[in-house]
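Here are the chains, one letter per residue:
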Amino acid sequence: PLGISYQTRFNTSNLLALHEMPPLLREAFVTSEDRHFYTHHGVDWAARVGAISQNLRAGKKVRGASTITEQVVRILHPRPRSVWSRWVEGFEAMLLETRASKGEILEFYLNQVPYAANRRGVAQAARYYFNRDLNTLTHKEMLALAVLPRAPSALDLYQHPDRIEGGIARLAEAMVARGELTADDRDGLRTTTLALEPASPALGAEHFVTYIRETAPYRLSEHGVLPTTLDGALQRNVQQLLDARVAQLARKQVHNGAALVVDHTTGEIL
């Protein structure tokens, strides 16, 4: 990647089909966010009534009951949080379920669910926290991705690495009860640590990226990904040669340099 912007409303550059996501990750999200996802029609009325009752007894909001479908509606149509908006989301969720399959709804949700640092979707979150693809994650890392959306900032692994442990343990217990996780796997989570690794920095081509963003922003916004002809390995090698040459000329008060490599048969900037 030459440059990536996360200041977007939707994730358009790291989309995965549902079948490309690990089954354990999908099951973890359904268990964590909406245990009756496959049987309700957009709203889990029993869970909603239970949440209202529990919140009234506590005198404050201690539990939510938004289904995955309602959360998709919220992503598509953001509204100020109010009792009225919750009911509108419920009706829109029921309408959505008449127009899209459960698989389509879950796929959209997993690609767009918000995380910290403006990351959206499980693929971006896996790269942000662990610098790896989804299929390489451990069980604990997958469960962490399912717990984080509950409070992306409060549970951010970089800021508060220990806060998520309780949520992971409770989710693991629920998955064992549903037959989605073995007792041995659950026990193994207790001795496994989350090894955070920041994502690899983008290839250093700042001037080129600035040029592209100034001259072709409409293409970036329309399609999310803009392919270029830059050769990553060649870019690194030429940058090293240029840095060395400028250093050699420093005694002659030379502090800047430039290099351009072009395929003369096509005009492509390499």
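Structure: above.
Conventions adopted
Residues numbered from 1 in each chain as written. Predicted model: local features only at pLDDT ≥ 70, side-chain atom pairs only at ≥ 80, totals over all residues. Heavy atoms only, no water. Helix = DSSP H or I, 4+ residues; strand = E, 2+ residues; numbered from the N terminus. Rg over C-alpha atoms; globule rule 2.2 N^0.38 Å. Buried < 20%, exposed > 50% of the residue type's maximum accessible area, 1.4 Å probe, protein only. Contact = heavy atoms within 4.5 Å. Lys, Arg positive; Asp, Glu negative; His and termini not counted. Charge placed at Lys NZ, Arg CZ, Asp CG, Glu CD. Axes fitted to C-alpha atoms, helices over the stretch in contact; angles between N-to-C directions. Parallel < 35°, antiparallel > 145°, perpendicular 65-115°, else oblique. Nonpolar A, V, L, I, M, F, W, Y, C, P; charged D, E, K, R; others polar. Salt bridge = Lys/Arg side-chain N within 4 Å of Asp/Glu carboxyl O. Patch = residues over 30% accessible without salt bridge, like charges linked within 9 Å, V, L, I, M, F, W, Y side chains within 5 Å. Areas by Shrake-Rupley, 256 points an atom, 1.4 Å probe, with all protein chains shown as cover. Phe/Tyr/Trp six-rings, centres within 6.5 Å; stacked < 30°, edge-to-face > 60°. Lys NZ or Arg CZ within 6 Å of the ring centre and 35° of its normal.

Trainee: How would you sum up the overall build of the protein? Please name residues and give values.
Mentor: Helix and strand content of the protein: 12 helices and 2 strands. Reading the protein from its N terminus to its C terminus gives the helix and strand order α-α-α-α-α-α-α-α-α-α-α-α-β-β. For the protein, the C-alpha radius of gyration of 23 Å lies well beyond 18 Å, the compact-globule estimate for 270 residues. If you line up the protein on its principal axes, its C-alpha atoms span 80 × 45 × 35 Å. In the protein, which comprises 270 residues, the share counted as buried stands at 37%. Contacts in the protein between residues far apart in sequence, at least 24 positions, make up 63% of those at least 6 positions apart. Measuring between centres, the 31 positive side-chain charges of the protein sit 7 Å from its 29 negative side-chain charges.

Trainee: Summarise the packing of helix α1 (residues 23-33) against helix α5 (residues 102-112); cite the residues concerned and give the values.
Mentor: Where α1 meets α5, the axes come as close as 12 Å, and the angle between the chain directions of the two elements is 90°. Between α1 and α5, the interaxial angle falls into the category roughly perpendicular. Contacts from Arg26, Phe29, Val30 and Glu33 in α1 reach Leu106, Tyr109 and Leu110 in α5. Taken together, the residues that form the contact of α1 with α5 break down as 5 nonpolar, no polar and 2 charged.

Trainee: Outline the pattern of salt bridges, listing residues and values.
Mentor: Within this structure, the stated rule accounts for 14 salt bridges. Here arginine 132 makes a salt bridge to glutamate 141, at a shortest N to O gap of 2.5 Å. Given the relative accessible area of 25%, arginine 132 is considered partly exposed. Exposure remark for glutamate 141: the relative accessible area of 4% places this residue in the buried category. The salt bridge involving glutamate 173 is made with arginine 190; its shortest N-O contact spans 3.6 Å. A residue pair is termed long-range when its members are at least 10 positions apart, and glutamate 173 in helix α8 (residues 165-177) and arginine 190 in helix α9 (residues 183-190) qualify at 17 residues.

Trainee: I'd like a rundown of a nonpolar patch on the surface, residues and numbers included.
Mentor: Where nonpolar side chains cluster on the molecular surface, the patch consists of Trp45, Val83, Trp84, Trp87 and Phe91 and spans about 640 Å² of accessible area. Classification of valine 83 as exposed rests on a relative accessible area of 65%.

Trainee: Describe in detail the environment of tyrosine 129, supporting the description with residues and values.
Mentor: Inspection of the secondary structure assignment puts tyrosine 129 in helix α6 (residues 122-130). Classification of tyrosine 129 by relative accessible area gives buried; the value is 0%. Counting along the chain gives 20 residues from tyrosine 129 to tyrosine 109, while the straight-line C-alpha distance between them is 19 Å. Discounting residues that sit within four places of it in the chain, tyrosine 129 has contacts with Ala116, Leu145, Leu148, Asp156, Leu157, Tyr158, Ala195, Leu196 and Glu197.

Trainee: Got a sec to walk through the packing of α8 against α9? Specific residues and values, please.
Mentor: Orientation of α8 relative to α9, taken along the N-to-C sense of each, is 175°, at an axis distance of 9 Å. Classed by the angle they form, the pair α8 and α9 counts as roughly antiparallel. In contact with Ile168, Ala172, Glu173 and Val176 of α8, α9 contributes Ala183, Arg186, Leu189 and Arg190. Residue composition of the contact of α8 with α9, grouped by class: 5 nonpolar, no polar and 3 charged.

Trainee: Provide a residue-level description of the packing of aromatic side chains, including the pertinent values.
Mentor: Per the stated rule, a full pass over the model turns up 8 aromatic pairs. When the centroid spacing of 5.2 Å and the interplanar angle of 75° are considered together, the rings of tyrosine 128 and tyrosine 158 count as edge-to-face. Residue tyrosine 128 is located in helix α6, and its partner tyrosine 158 is located in the loop between α7 (139-147) and α8; the two are separated by 30 residues in the primary sequence. An aromatic cluster of at least three residues, connected via ring pairs, comprises Tyr128, Tyr129, Phe130 and Tyr158. In this arrangement the basic side chain of lysine 102 is found over the ring face of phenylalanine 37, its NZ or CZ atom lying 4.6 Å from the centre. Seen from the ring of tyrosine 6, arginine 119 lies directly overhead, with NZ or CZ sitting 3.7 Å from the centre.

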